[in-house]
Amino acid sequence: MLERIAIYPGSFDPITNGHVGIIQRSLRIFDRVVVGVLRNISKKPLFNVEERSAMIQETFLDEPRVEVDTFEGLLVTYAEQKGAVAIVRGLRAIADFEYELQMSNMNRRLAPEVTTIFLMAEDRHAYISSSLIKEVAALGGDVHGLVPPSVEHRLMAALQTKR
Ligand code: ADP
């Protein structure tokens, strides 16, 4: 039977428990989820693409249906290369909506056979973003329970070497 594959694209700098929730829920809908870590983002990331991928891999060590990969260029081209039927995105608040609507319409025009689906963030994750996590951690705040353990360790190490 044909596998139903979804791409979950993002910067994941770093992965948070919000992202983890979206991946876990996607696994209930799709046979396989490819987490696509974006290579060339304009904003300077705290973690390079290898580190960002490693943290996702460590988080999903026991889940063979999650594949961690990196990509650059057009998302729909990448989705087609991977044989994906869907792109998964998470929505936290109205603020996410406008940009996501625009992107999904553009992606549909570019590749009508790839459907973008949106999962609403769980309320306990709705306020979590990678940038807020980095900001709070840099100021010495506790991010325990908001990110996977492997991220917590690396965040501490990254911020210590930065000081
Ligand atoms: P991007 O740079 O593409 O926004 P992110 O790594 O910030 O990438 O996020 C990837 C996807 O995960 C986006 O669809 C984003 O809306 C979603 N997302 C981010 N944080 C959360 C969260 N706390 N709960 C649910 N979805 C989230």
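Calculation notes
The residue numbering used here restarts from 1 in each chain and proceeds along that chain's sequence as written. Reporting of local features is limited, given that this is a predicted model, to residues whose pLDDT is at least 70; pairs of side-chain atoms are given and counted only at 80 or more, and all residues count toward the totals for whole chains, interfaces and linings. Hydrogens and waters are ignored; side-chain quantities use all the structure's heavy atoms. Residues enter a nonpolar core if they are buried and are Ala, Val, Leu, Ile, Met, Phe, Trp, Tyr or Cys, with the set joined through side-chain atoms within 4.5 Å. Any residue under 20% of the maximum accessible area for its type is buried, any over 50% is exposed, and the rest in between are partly exposed; the area is computed with a 1.4 Å probe on protein chains only. Helix and strand definitions follow DSSP, with helices as H or I runs of at least four residues and strands as E runs of at least two, each counted in order from the N terminus. Counted charges follow a simple rule, with Lys and Arg positive, Asp and Glu negative, and His plus the chain ends left uncounted. Salt bridges, as used here, are contacts in which a Lys or Arg side-chain nitrogen is within 4 Å of a carboxyl oxygen on Asp or Glu. A contact between two residues is defined here by any heavy atoms of the two lying within 4.5 Å. Think of it this way: DSSP has to see at least two bridges between two strands before they count as a pair. Note on definitions: angles span 0 to 180 degrees between N-to-C directions of axes, and those axes are lines fitted to C-alpha atoms, for helices only across the stretch in contact. If the strands point away from the viewer and the path from the first strand over the helix to the second runs clockwise, then the crossover is right-handed. Pairs of N or O atoms within 3.5 Å make up the polar contacts considered here, provided that, within protein, one atom can donate a hydrogen while the other can accept it, and that residues adjacent in sequence are counted only when both atoms are side-chain atoms. Along the arc lie the directions from the helix axis toward the C-beta atoms. Patch membership needs two things, relative accessible area over 30% and no salt bridge, and members are linked within 9 Å if like-charged or within 5 Å if nonpolar (Val, Leu, Ile, Met, Phe, Trp, Tyr). Using a 1.4 Å probe, the Shrake-Rupley method yields the accessible areas, and only the shown protein chains count as cover for residues.

(A) Spatial organisation of the nonpolar core. Membership of the largest hydrophobic core comes to 32 residues, with the highest contact counts inside it found for Ile15, Ile23, Ile56 and Leu155. Those elements giving two or more residues to this core turn out to be strand E1 (5-10), helix H1 (17-26), strand E2 (32-38), helix H2 (49-59), strand E3 (66-71), strand E4 (86-91), helix H5 (130-138) and helix H6 (149-162). Element by element, the count of residues in this core is highest for H6, at 4 residues.

(B) View of the side chain of Glu152. With respect to the element layout, Glu152 can be found in helix H6. No salt bridge is formed by the buried Glu152; the nearest opposite charge belongs to Arg154, separated by 12 Å. Sequence-distant contacts of Glu152, that is, excluding residues within four places in its chain, are made with Val143, His144, Gly145 and Val147.

(C) Quick peek at the sheet that holds E3. What the 5 strands build is an open sheet, ordered E3-E2-E1-E4-E5; its pairing is parallel. For this open sheet the edge positions go to E3 and strand E5 (115-120), each flanked by a neighbour on one side alone. Ignoring which end each strand starts from, the neighbouring axes of this sheet average 30° apart. Pairing geometry for E1 and E4, over 2 bridges, is parallel. Residue pairing in the sheet places Ile7 in a bridge with Ile87 of E4. H1 rests against E1, E2, E3, E4 and E5 of the sheet, and its axis sits at about 120° to E5.

(D) Representation of the pairing of E2. With 5 of its 7 residues buried, E2 lies for the most part within the structure. Of the pairings in the sheet, the one linking E1 to E2 comprises 6 bridges and is parallel in character. Directly across from Gly10, in E2, lies its bridge partner Val37. On the question of chirality, the crossover connecting E1 to the parallel E2 by way of H1 is right-handed. Here 6 bridges tie E2 to E3, and the two strands are oriented parallel to one another. For Leu38, the partnering residue across the bridge sits in E3 and is Phe71.

(E) Up close: the side chain of Asp69. Note on placement: Asp69 falls in strand E3. In this structure the side chain of Asp69 is engaged in a polar contact, spanning 3.3 Å, whose partner is the side chain of Lys82.

(F) Up close: H5. Taken together, the buried positions of H5 are Ser130, Ile133 and Ala137. One side of H5 holds all its buried residues, which, seen down the axis, span an arc of 60°. At the exit of H5 stands Gly140, carrying a positive phi of roughly 90°.

(G) Representation of the environment of Asn107 in the model. If you trace the backbone, Asn107 turns up in helix H4 (residues 94-110). Residue Asn107 is classed as buried on the basis of its relative accessible area of 7%. Between the alpha carbons of Asn107 and Thr77 there is a distance of 9.7 Å; along the sequence they are 30 residues apart. Leaving out residues up to four positions away in the same chain, Asn107 has contacts with Leu75, Val76 and Ile87.

(H) Expanded view of a nonpolar patch on the surface. Side chains of Leu74, Met106 and Leu110 sit close together on the surface and give an oily, nonpolar patch of about 290 Å² of accessible area. Turning to its location among the elements, Leu74 is positioned in the loop between E3 and helix H3 (75-81).

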